[in-house]
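Okay, here's what each chain looks like letter by letter:
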Amino acid sequence: MPSLFVLNSRGATLQGDTLILTGVSPSSIIFADRPVRSAGHQPTVDVIAEWGSGDDSFTKNPPNATVSALGKDGSVKDAVVVLKNPKLEGDKLTFNVQTLEGDLAGADGGAAVFIDIIGRPFTPMSFAGVARRSAFRGAMYAGAVGAAAYGAASYYPYARPACGYYPYPPCY
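Residues numbered from 1 in each chain as written. Predicted model: local features only at pLDDT ≥ 70, side-chain atom pairs only at ≥ 80, totals over all residues. Heavy atoms only, no water.

Observations regarding the overall build of the chain
So, step 1. Across its full length, the chain carries 3 helices and 9 strands.
So, step 2. Listed by position from the N terminus, the elements making up the chain come as β-β-β-β-β-α-β-β-β-β-α-α.
So, step 3. In the chain, which comprises 172 residues, the share counted as buried stands at 37%.
So, step 4. Of the contacts made within the chain by residues no fewer than 6 positions apart, 58% connect residues no fewer than 24 positions apart. (Helix = DSSP H or I, 4+ residues; strand = E, 2+ residues; numbered from the N terminus. Buried < 20%, exposed > 50% of the residue type's maximum accessible area, 1.4 Å probe, protein only. Contact = heavy atoms within 4.5 Å.)

Below, the structure written as structure tokens:
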């Protein structure tokens, strides 16, 4: 069950409403949620190309992300942002952002951007992610009825997804 992907870079700066990543890795890391516990890679250019694809795309529903950057003095700076309008030019990636908290001031080392991909289009488990996210929201806003829906959604009431070679999770 895909749940998170990570973009790595040699540096990150947050200038007003723009996040600039320099030296972006050509490959993004994708983690899978329990019980699968698998991980894989996807070309960063494909991650950006798929940004606006699908009914619940990141263009229509921008993701939250944590940007974690290192300082050469060993410090860590974090910012939580909403990512919008990615532009990849070579190994430079820029996003328009809304900063929710934090700052990257003083960060002059490597950086990682952790993006939640629940419901992301073209992922093998995107239906599960949407169902899980919808059920979770239902639990938060509808009390006991929502909690029952959350519990029911965790039992996989849909057909088991394909498994095997990347990008699919391992078969168990």
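Back to the text.
Some words on the pairing of strand β7 (residues 76–89)
So, step 1. Where strand β6 (residues 64–70) meets β7, 7 bridges bridge the pair, whose relative direction is antiparallel. Each residue of the ladder has a partner; that of Asn64, found in β7, is Val82.
So, step 2. Where β6 folds back on β7, the antiparallel hairpin that results is connected by 5 residues, among which Gly74 adopts a positive phi of roughly 95°.
So, step 3. Note: β7 against strand β8 (residues 92–102), 9 bridges, orientation antiparallel. Its bridge partner being in β8, Lys87 is matched across the sheet by Thr94.
So, step 4. Connecting the antiparallel pair β7 and β8 is a turn made up of 2 residues, with Gly90 showing a positive phi of about 65°. (Pairing = 2+ DSSP bridges.)

Re the side chain of Ser9
So, step 1. Relative to the helices and strands, Ser9 is located in strand β1 (residues 2–9).
So, step 2. What makes Ser9 buried here is its relative accessible area of 10%.
So, step 3. Here Gly11 takes part through its backbone oxygen, which lies 3.0 Å from a polar atom of the side chain of Ser9.
So, step 4. Among residues more than four places away in sequence, those in contact with Ser9 are Leu21, Thr22, Gly23, Val24, Gly110 and Ala111. (Polar contact = N/O pair within 3.5 Å; in protein donor to acceptor, adjacent residues only side chain to side chain.)

Remarks on the pattern of salt bridges
So, step 1. Evaluation of the coordinates by the stated rule reveals 1 salt bridge.
So, step 2. Here Asp91 ties to Arg10 by a salt bridge, and the two come within 3.2 Å at their closest N and O atoms. Of the two residues, Asp91 sits in the loop between β7 and β8 while Arg10 sits in the loop between β1 and β2 (11–15), which places them 81 residues apart along the sequence. (Salt bridge = Lys/Arg side-chain N within 4 Å of Asp/Glu carboxyl O.)

Examining the nonpolar core
So, step 1. Formed by 26 residues in total, the largest nonpolar core has its most connected members in Leu19, Leu21, Leu83, Phe95, Leu104, Val113 and Ile115.
So, step 2. Put simply, the parts of the chain that give this core at least two residues each are β1, β2, β3 (18–22), α1 (44–49), β6, β7, β8 and β9 (111–116).
So, step 3. Residues within four places of Phe95 in sequence aside, it is in contact with Leu7, Asp17, Thr18, Leu19, Leu21, Trp51, Leu83, Lys84, Asn85 and Pro86. (Core = buried A, V, L, I, M, F, W, Y, C linked by side-chain atoms within 4.5 Å.)

A word on the environment of Ile115
So, step 1. Structurally, Ile115 is set in strand β9.
So, step 2. The sequence separation of Ile115 and Leu4 amounts to 111 residues, and the corresponding C-alpha distance is 5.7 Å.
So, step 3. With near-sequence residues (within four places) excluded, Ile115 lies in contact with Leu4, Phe5, Leu7, Phe58, Pro63, Asn64, Ala65 and Leu83.

Let's talk about the confidence of the model for the chain
So, step 1. Per-residue pLDDT for the chain has a mean of 76; in total, 66% of the residues score no lower than 70.
So, step 2. Ranking the elements of the chain by mean pLDDT puts helix α2 (residues 126–142) last with 39 and β3 first with 97.
So, step 3. Residue range residues 121–158 is modelled with pLDDT below 50. Its contacts to residues more than four positions away, or to other chains, number 50 contacts. (pLDDT = per-residue confidence, 0-100.)

With respect to the environment of Ala12
So, step 1. For Ala12, the position within the fold is in strand β2.
So, step 2. Taking the relative accessible area as the measure of exposure, Ala12 reaches 5% and is therefore buried.
So, step 3. Residues Ala12 and Ser68, 56 residues apart in the sequence, show an inter-C-alpha distance of 8.6 Å.
So, step 4. In this view, Ala12 contacts Leu19, Ile20, Leu21, Val67, Leu104, Ala107, Gly109 and Ala111; residues no more than four positions away in its chain are not counted.

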